[in-house]
Amino acid sequence: MKMINAYIGIVSLLFLNCSAGNFSKTENEATKLYDIIVDAKGSGDFVKVQDAINSVPFLKEKETIIFIKNGIYKEKLILPQNKINITLIGQNKNKTILTYDDYASKKNEKGQNIGTSGSYSFAVNGDNFKAENITFENSSGPVGQAVAVRIDGDKVVFNNCRFLGFQDTLYSHGNRSRQYYKNCYIEGTTDFIFGAATAVFDKCEIFAKAGGSYITAANTPKANSYGFVFLNCKLTSNASNNSFYLGRPWENYARTVFIKCKMGKHIKSAGWHNWGRPEAEATTFYAEYQCTGVGADLQARVPWSHVLTAQQFQSDYTIEKIFKDWTFKKKITDSILKSK
């Protein structure tokens, strides 16, 4: 209990108490608090999000805060590797929507498939990126792999955001990337949280849509101690009972852990799948700890999955241990407006 209380104390320094993203300040006050304002209706500095990102100088050490007013911004966005320390803040997470509709089997100008990695709506390549109160969407529908956000940058934070799609919604791509998701909503069908990154999902809702079968597909590098860690999350669904696995290994050293999560009836009693590779059973690390709900029943779990001990939980699953030298010493931004 002391360890989890310490953890809560650390992350509370990272965020203000933002819930709905409806800000109480006037527009004039907001203008003073943000570096750039984007408004699709033309009242800001830019009407497109990409133009705002492009305007930030390369390798700028001071944080650049971009406020995005409510609207649907249909753009295929990219945050280049040399655009660092950028924060995007939406006016309202349900009404500030960044969307595009590419998908893996879509053809490029050479007649070749753009592939899963190229299907993103937003590619985050720069370090120290933060986003709050924004919906990230791939609107192509159930057409196979179609990524809403692909993240390669290190020290990336999403707070109070939504990720919408079907297969392969959230691509935590970079094998050296560390990512933190707080109070987010993530939905999809199959492998809708996947990739090689070290990512912590804290108090998020993970919504498995009907028609899918696997929540996660980690391809954690052998050298990485952590893959996906879900803390105090809710696993919800509109799918039938006993229809979703917690995860399957994209590569043989996949690591995924659910801690104190509430699991719905859609979670299969076996819990985990080996993706047709029996050899992966000896190398993956799939584990649970003190989860609740019908889907958390451990009696029929595959024998090669694990249950964390109290000692493992307390010593190995603190934020400090997972993220190493990345410490949360400030709020997501010093100038976020408090919501009502």
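Residues numbered from 1 in each chain as written. Predicted model: local features only at pLDDT ≥ 70, side-chain atom pairs only at ≥ 80, totals over all residues. Heavy atoms only, no water.

A. Quick look at the overall build of the protein chain. Within the protein chain, the secondary structure is distributed over six helices and 26 strands. Looking at the protein chain as a whole, 55% of its 340 residues qualify as buried. Taking all contacts inside the protein chain whose residues are at least 6 apart in sequence as the whole, residues at least 24 apart take part in 69%. Counting every atom, the protein chain has about 14500 Å² of accessible surface; 49% of that belongs to carbon and sulfur. (Helix = DSSP H or I, 4+ residues; strand = E, 2+ residues; numbered from the N terminus. Buried < 20%, exposed > 50% of the residue type's maximum accessible area, 1.4 Å probe, protein only. Contact = heavy atoms within 4.5 Å. Areas by Shrake-Rupley, 256 points an atom, 1.4 Å probe, with all protein chains shown as cover.)

B. Region of the structure containing the nonpolar core. Grouped together as the largest cluster of nonpolar side chains are 58 residues, with contacts concentrated most on Phe158 and Phe201. At three residues, helix H3 (residues 49-54) tops the list of elements feeding residues into this core. For phenylalanine 201, the contacting residues outside a window of four places in its chain are Leu170, Tyr181, Ile186, Ile193, Phe228, Val229, Phe230, Leu231 and Cys233. Listed in part, the 19 residues of the second largest apolar core include Tyr226, Phe313, Phe323 and Phe328. (Core = buried A, V, L, I, M, F, W, Y, C linked by side-chain atoms within 4.5 Å.)

C. Representation of the sheet that holds strand S20 (residues 228-231). A sheet is described by the order of its strands in space; here 11 strands give the open sequence S1-S2-S5-S8-S11-S14-S17-S20-S23-S25-S26, paired in parallel fashion. With partners counted over all chains shown, the strands left at the sheet margins are strand S1 (36-38) and strand S26 (306-307), one partner each. Bridge analysis of strand S14 (residues 178-182) against strand S17 (residues 198-202) gives five bridges, and the strand direction is parallel. Looking across to S17, one finds that arginine 178 is bridged to threonine 198. (Pairing = 2+ DSSP bridges.)

D. Spatial organisation of the packing of aromatic side chains. One pass over the structure, following the stated rule, counts 25 aromatic pairs. Their ring planes at 50° and their centres at 6.0 Å tell us that phenylalanine 258 and tryptophan 272 sit as a pair that is tilted. Of this pair, phenylalanine 258 sits in strand S23 (residues 255-259) while tryptophan 272 sits in the loop between strand S24 (262-263) and strand S25 (285-289); the two residues are 14 residues apart in sequence, bridging distant segments of the chain. Using a relative accessible area of 0% as the deciding quantity, one classes phenylalanine 258 as buried. Tryptophan 272 sits in the buried class, given a relative accessible area of 1%. (Phe/Tyr/Trp six-rings, centres within 6.5 Å; stacked < 30°, edge-to-face > 60°.)

E. Expanded view of the pattern of salt bridges. Under the counting rule described, the total for this entry stands at 11 salt bridges. A salt bridge links aspartate 102 to lysine 106; the shortest N-O distance between them is 2.7 Å. Two residues, aspartate 316 and lysine 321, come together in a salt bridge whose shortest N-O distance is 3.2 Å. Given a relative accessible area of 23%, aspartate 316 falls into the partly exposed group. On the basis of relative accessible area, lysine 321 is assigned to the partly exposed category, the value being 39%. The network of salt bridges with common partners includes Lys76, Asp102 and Lys106. (Salt bridge = Lys/Arg side-chain N within 4 Å of Asp/Glu carboxyl O.)

F. Structural detail: the environment of tyrosine 286. Here tyrosine 286 shows up in strand S25. Here tyrosine 286 falls in the buried class, since its relative accessible area comes to 0%. Here the alpha-carbon distance between tyrosine 286 and leucine 308, two residues 22 residues apart in the chain, equals 9.7 Å. Aside from chain neighbours lying at most four places away, what touches tyrosine 286 is Gly247, Arg248, Pro249, Ala254, Thr256, Trp272, His273, Trp304, Ser305 and His306.

G. A look at the sheet that holds strand S7 (residues 122-124). Read across the open sheet, the seven strands follow the order S4-S7-S10-S13-S16-S19-S22; overall the sheet is parallel. Edge strands, defined here as strands with exactly one partner in the open sheet, are strand S4 (77-79) and strand S22 (245-247). When the angles between neighbouring strand axes are averaged without regard to direction, this sheet yields 15°. Relative to strand S16 (residues 193-195), strand S13 (residues 170-172) is paired through three bridges, and the arrangement is parallel. The partner of serine 172 across the bridge, within S16, is glycine 195. (Axes fitted to C-alpha atoms, helices over the stretch in contact; angles between N-to-C directions.)

H. Layout of the pairing of strand S11 (residues 156-159). Of the two faces of S11, both are covered, the one formed by Val156 and Phe158 as well as the one formed by Val157 and Asn159. Inspection of the sheet shows strand S8 (residues 130-132) paired to S11 by three bridges, in the parallel sense. Looking at S11, one finds that glutamate 132 is bridged to asparagine 159. Looking at chain direction, S11 and S14 are connected through four bridges and run parallel. From the neighbouring strand, phenylalanine 158 faces S14, where its bridge partner is tyrosine 181.

I. Spatial organisation of the confidence of the model for the protein chain. With 87% of its residues at a pLDDT of at least 70, the protein chain reaches an overall mean of 90. Within the protein chain, strand S12 (residues 162-164) carries the highest mean pLDDT (99), whereas helix H1 (residues 2-12) carries the lowest (38). Predicted confidence for residues 332-340 stays below pLDDT 50, and this span has 35 contacts to residues more than four positions away or in other chains. (pLDDT = per-residue confidence, 0-100.)

J. Representation of unusual backbone geometry. Despite not being glycine, asparagine 160 shows a phi value in the positive range, around 55°. Relative to the elements of secondary structure, asparagine 160 occurs in the loop between S11 and S12. Residue class for asparagine 160 comes out buried when judged on its relative accessible area of 3%. Even without being glycine, aspartate 168 reaches a positive phi, approximately 65°. Along the chain, aspartate 168 turns up in the loop between S12 and S13. Relative accessible area serves as the criterion here: at 5%, aspartate 168 is assigned to the buried category.

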